[in-house]
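Structure at a glance
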Amino acid sequence: QVQLVESGGGLVQAGGSLRLSCAASGGTFRSYAMGWFRQAPGKEREFVAVISCTGSTYYTDSVRGRFTISRDNAKNTVYLQMNSLKTEDTAVYYCAKDISLSNIRSGVTTNWGQGTQVTVSS
């Protein structure tokens with residue numbers, strides 16, 4: 001059974017940085033695409049970034065150039081480095097794991113973590 005545990009969220013001022021981590025268990029981590037999503041209050045969950053098992057990365061337009069997704073296969077962990085944070089980045093951030101990268105990019109994946117809250121103050 002796949003388990004995903006996010007950490008690293010918190011309160012930060014606009015312009016600041018945070019690094020989220022997601023530790024995965026179950027399955028062969030290096031064989032999976034890993035992604036991040038977020039859900040702001042009153043909004044639907046949206047795709048943020050994904051990294052393939054070979055290290056290719058994709059971002060939603062609103063975070064490209066500010067966020068960086070990376071993975072450490074030895075630690076079964078995926079990271080999201082978030083720089084130049086804006087108030088509109090405030091959301092619960094969720095980690096996802098799927099054998100299919102396209103499932104993550106399209107949002108149809110079913111393997112989610114419990115989420116970690118990121119709050120950006122002005």
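The structure reproduced in this document is the subject of the present report. For every chain, the first residue of its written sequence is number 1, and the numbers climb from 1 along that sequence. Note on the predicted model: pLDDT of at least 70 is required for a residue's local features to be given, and 80 or more for side-chain atom pairs to be given and counted; whole-chain, interface and lining totals, by contrast, use all residues. Values shown for side chains rest on all heavy atoms present in the structure; no hydrogens or waters enter the calculation.

**Re the state of the cysteines**
Criterion for a disulfide: a pair of cysteine sulfur atoms at a distance within 2.5 Å. Counted by the stated rule, this structure contains one disulfide. Between Cys22 and Cys95 runs a disulfide, and the two sulfur atoms are separated by 2.1 Å. Between Cys22 and Cys95 the disulfide shows an S-S torsion of about -80°. By sign, it is left-handed. With Cys22 in strand β3 (residues 18-25) and Cys95 in strand β9 (residues 91-98), this residue pair connects regions lying 73 residues apart in the sequence. What counts as a helix is a DSSP run of H or I of at least four residues, what counts as a strand is a run of E of at least two, and both are numbered from the N terminus.

**Quick look at the pattern of salt bridges**
For this analysis, a salt bridge means a side-chain nitrogen from Lys or Arg found within 4 Å of a carboxyl oxygen belonging to Asp or Glu. Tallied over the full model, the rule gives four salt bridges. Here Asp89 makes a salt bridge to Arg38, at a shortest N to O gap of 2.9 Å. One end of the pair, Asp89, is in the loop between β8 (77-82) and β9; the other, Arg38, is in strand β4 (residues 33-39), with 51 residues separating them in the sequence. Burial classification: accessible surface area is computed with a 1.4 Å probe over protein chains only, and a residue below 20% of its type maximum counts as buried, one above 50% as exposed, and the rest as partly exposed. Look at Arg38 and you get buried, because its relative accessible area is 6%.

**As for the side chain of Arg66**
Structurally, Arg66 can be placed in the loop between β6 (57-59) and β7 (67-72). Arg66 gets classed as buried once you look at its relative accessible area, which sits at 11%. A polar contact is formed between the side chain of Arg66 and the backbone oxygen of Ser84, at a distance of 3.0 Å. The contact definition used throughout considers only heavy atoms, calling two residues in contact when any of these lie within 4.5 Å. In this view, Arg66 contacts Gln81, Met82, Asn83, Ser84, Leu85, Lys86 and Asp89; residues no more than four positions away in its chain are not counted. Here a polar contact means two N or O atoms within 3.5 Å. Within protein one must be a hydrogen donor candidate and the other an acceptor candidate, and residues neighboring in sequence count only if both atoms are side-chain atoms.

**A few points about the environment of Gly9**
Along the polypeptide, Gly9 turns up in the loop between β1 (3-7) and β2 (10-13). Classification of Gly9 by relative accessible area gives partly exposed; the value is 32%. For the pair Gly9 and Ser21, spaced twelve residues apart in sequence, the C-alpha separation works out to 8.8 Å. With residues up to four places along the chain from it excluded, the contact list for Gly9 reads Leu20, Thr116, Gln117 and Val118.

**Some thoughts on the packing of aromatic side chains**
Pairing of aromatic side chains here covers Phe, Tyr and the six-membered ring of Trp, requires ring centres within 6.5 Å, and sorts the geometry by plane angle: under 30 degrees stacked, over 60 edge-to-face, intermediate tilted. Scanning the entire structure with this criterion turns up two aromatic pairs. Measuring from centroid to centroid gives 5.8 Å for Phe37 and Phe47, while their planes differ by 75°, and the two rings are edge-to-face. Residue Phe37 is located in strand β4, and its partner Phe47 is located in strand β5 (residues 46-51); the two are separated by ten residues in the primary sequence. Here the two residues Phe37 and Phe47 agree in accessibility, since each one is buried. When the centroid spacing of 4.7 Å and the interplanar angle of 75° are considered together, the rings of Phe37 and Trp112 count as edge-to-face. Here Phe37, found in strand β4, pairs with Trp112, found in the loop between α1 (101-106) and β10 (116-121); they are 75 residues apart in sequence, far enough to count as distant.

Read these as geometric descriptors, not functional statements.
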